[in-house]
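Fold and geometry: a report
Take a look at the letters that make up each chain.
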Amino acid sequence: MLRFLARRSLGALVIILLISAITFFLFFAIPSQPALMSCGKNCTPGAIALINKNLGLDQPVPVQYWHYMSGIFVGRDFSVGHCPAPCLGYSFSNQQPVWGTIVDRFPTTLSLTLGGAFVFLIVGVGIGMIAAARRGTYIDKLFSSLSLIGNSLQIYFVGTLALAFFVSGIGLLDEPAYHPFTENPGKWFAGMLLPWLVLSIIFIANYSRMTRSQMIEQLEEEHVRTARAKGMSRSTVFFRYAWRGALAPIVTIFGIDLGSLFGGAIITEFTFNLHGLGRLAVDSVGQTDLPTLMGVMLVGCSAIVVANIIVDAAYAYIDPRVRLS
């Protein structure tokens, strides 16, 4: 298992470096002058040159990339002072440390993505298992029809309707907002409940259909039929034999969907006016704010990669053939 995780970790590090390099060099392929954002009105060429020097933009792009990546581990020196590690630079738009901004925004996105993932895994897998256990009944047909409808919906459409009905209409749910969990768990849950439900609705449809098909397939396997022939109870056959075999493909798809979940979080944050990393990334693109964009990309990519390593470890635990290959 340790060798398996070491290989996955090494591959993850390479992916992070490649993404950071591609993002960094693509930024400089776009015609822009970040110094103008910090210069203000009545900006002179001399002032622009001074800002470029202070920001390190007067150096070759590969040198800038090296300074940026090394600053993450050892810190960097700027005209405004020393930036301690992990240093992600200063924002071009507001001259604030990027790391501090990300630390402030990260809990919102983390709460949104983890809560949404928990909801769609529990609900989606649960619905799929019920549909498989009641195969051919009206319950199975109802869940299959609802999954088709849910798979065709979009976050911005469902989110707008949910706000109008559940918040503004009947007042059943609180206005979506992020409240720190450590300060008030109740307000944290109430403020994030609607975004969780909206973010997870499409994933619920996918996972219910996939779980149903995998469970039906496993129930027809020889080892499951043998367990039935030995007189084992239906629940034992269902959960001990069929469920574990169906779990492996679900874990694999979940690892792939982590990136999609982050993309869905961006739309959800805009829909419910949540100030997380997704919204910060979109704003930084519009402002050509390279340090902020790079910081969000690195943190988001690292989170997804670490989550995929955890998923790979879980998959290797479920199927020993994976870690031995």
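Everything numeric here is computed off the predicted structure, so don't read it as measured data.

Residues of the protein with pLDDT of at least 70 account for 92%, and the chain-wide mean is 83. Within the protein, no element has a lower average pLDDT than helix 13 (residues 320–324), which sits at 57, and none a higher one than helix 5 (residues 98–133), at 91.

Evaluated as defined, the whole model comprises 1 disulfide. Between the sulfur atoms of Cys-83 and its disulfide mate Cys-87 the distance is 2.2 Å. Every disulfide takes its handedness from the sign of the S-S torsion; for Cys-83 and Cys-87 that torsion is 110 degrees, giving right-handed. Residue Cys-83 is classed as buried on the basis of its relative accessible area of 6%.

This part is about the packing of aromatic side chains. Tallied over the entire structure, the rule returns 11 aromatic pairs. Between Phe-120 and Phe-203 the ring centres are 4.8 Å apart and the planes differ by 20 degrees, which places this aromatic pair in the stacked class. Residue Phe-120 is found in helix 5, and its partner Phe-203 is found in helix 8 (residues 185–219); the two are separated by 83 residues along the sequence. For Phe-120, a relative accessible area of 0% translates into the label buried. Look at Trp-188 and Trp-196: their rings are 5.2 Å apart centre to centre, the planes differ by 70 degrees, and that puts the pair in the edge-to-face class.

Quick look at the packing of helix 6 (residues 138–151) against helix 8 now. Helix 8 packs onto helix 6 with a crossing angle of 140 degrees between their chain directions and a minimal axis gap of 8 Å. Classified by the interaxial angle, the pair formed by helix 6 and helix 8 is oblique. Considering how the two elements wind past one another, helix 6 and helix 8 form a crossing that is left-handed. Packed against helix 6, whose contacting residues are Asp-140, Ser-144, Ser-147, Leu-148, Gly-150 and Asn-151, the element helix 8 presents Ile-201, Ile-202, Ala-205, Asn-206, Ser-208, Arg-209 and Arg-212 at the interface. Of the residues contributing to the contact of helix 6 with helix 8, the split by class is 4 nonpolar, 6 polar and 3 charged.

A few words now on the pattern of salt bridges. The final tally for this structure, using the stated rule, is 2 salt bridges. Salt-bridge contacts for Asp-140 lead to Arg-212; the nearest nitrogen and oxygen are separated by 2.7 Å. Of this pair, Asp-140 sits in helix 6 while Arg-212 is found in helix 8, placing the two residues 72 residues apart along the sequence. The partly exposed category is assigned to Arg-212, whose relative accessible area is 24%. Put simply, Arg-225 and Glu-222 hold a salt bridge, and the shortest N to O gap is 3.7 Å. Placement of the pair is Arg-225 and Glu-222 together in helix 9 (residues 222–229), with a separation of 3 residues, close to one helical turn. For Arg-225, a relative accessible area of 46% translates into the label partly exposed. Looking at Glu-222, the relative accessible area reads 53%, which means it is exposed.

A few words now on helix 11 (residues 277–286). For helix 11, the set of buried residues is Leu-277, Gly-278, Arg-279, Leu-280, Ala-281 and Ser-284. Thr-288 sits one or two positions beyond helix 11 and adopts a positive phi of about 45 degrees.

A contiguous nonpolar surface patch, about 670 Å² in accessible area, is contributed by Leu-10, Leu-13, Val-14, Leu-17, Leu-18, Ile-22 and Leu-26. By the element assignment, Ile-22 lies in helix 1 (residues 2–29).

The next thing to look at is the side chain of Thr-113. Mapped onto the elements, Thr-113 comes out in helix 5. Assessed through its relative accessible area of 14%, Thr-113 is described here as buried. Setting aside chain neighbours within four positions, we find Thr-113 in contact with Leu-261 and Ala-265.

Moving on: the nonpolar core. Core analysis: the largest hydrophobic core is formed by 42 residues, its most contacted members being Phe-120, Leu-194, Val-198, Tyr-207, Met-215 and Phe-254. Among the secondary structure elements, those contributing two or more residues to this core are helix 5, helix 7 (155–169), helix 8, helix 9 and helix 10 (234–271). The element contributing the most residues to this core is helix 8, with 14 residues. The residues touching Tyr-207, leaving out its near neighbours within four places in the chain, are Phe-120, Leu-121, Gly-124, Ile-250, Ile-253, Phe-254 and Asp-257.

Thresholds, definitions, all that
- Residues numbered from 1 in each chain as written.
- Predicted model: local features only at pLDDT ≥ 70, side-chain atom pairs only at ≥ 80, totals over all residues.
- Heavy atoms only, no water.
- pLDDT = per-residue confidence, 0-100.
- Helix = DSSP H or I, 4+ residues; strand = E, 2+ residues; numbered from the N terminus.
- Disulfide = S-S within 2.5 Å.
- Buried < 20%, exposed > 50% of the residue type's maximum accessible area, 1.4 Å probe, protein only.
- Phe/Tyr/Trp six-rings, centres within 6.5 Å; stacked < 30°, edge-to-face > 60°.
- Axes fitted to C-alpha atoms, helices over the stretch in contact; angles between N-to-C directions.
- Parallel < 35°, antiparallel > 145°, perpendicular 65-115°, else oblique.
- Left-handed = near helix turned anticlockwise from the far one by under 90°.
- Contact = heavy atoms within 4.5 Å.
- Nonpolar A, V, L, I, M, F, W, Y, C, P; charged D, E, K, R; others polar.
- Salt bridge = Lys/Arg side-chain N within 4 Å of Asp/Glu carboxyl O.
- Patch = residues over 30% accessible without salt bridge, like charges linked within 9 Å, V, L, I, M, F, W, Y side chains within 5 Å.
- Areas by Shrake-Rupley, 256 points an atom, 1.4 Å probe, with all protein chains shown as cover.
- Core = buried A, V, L, I, M, F, W, Y, C linked by side-chain atoms within 4.5 Å.

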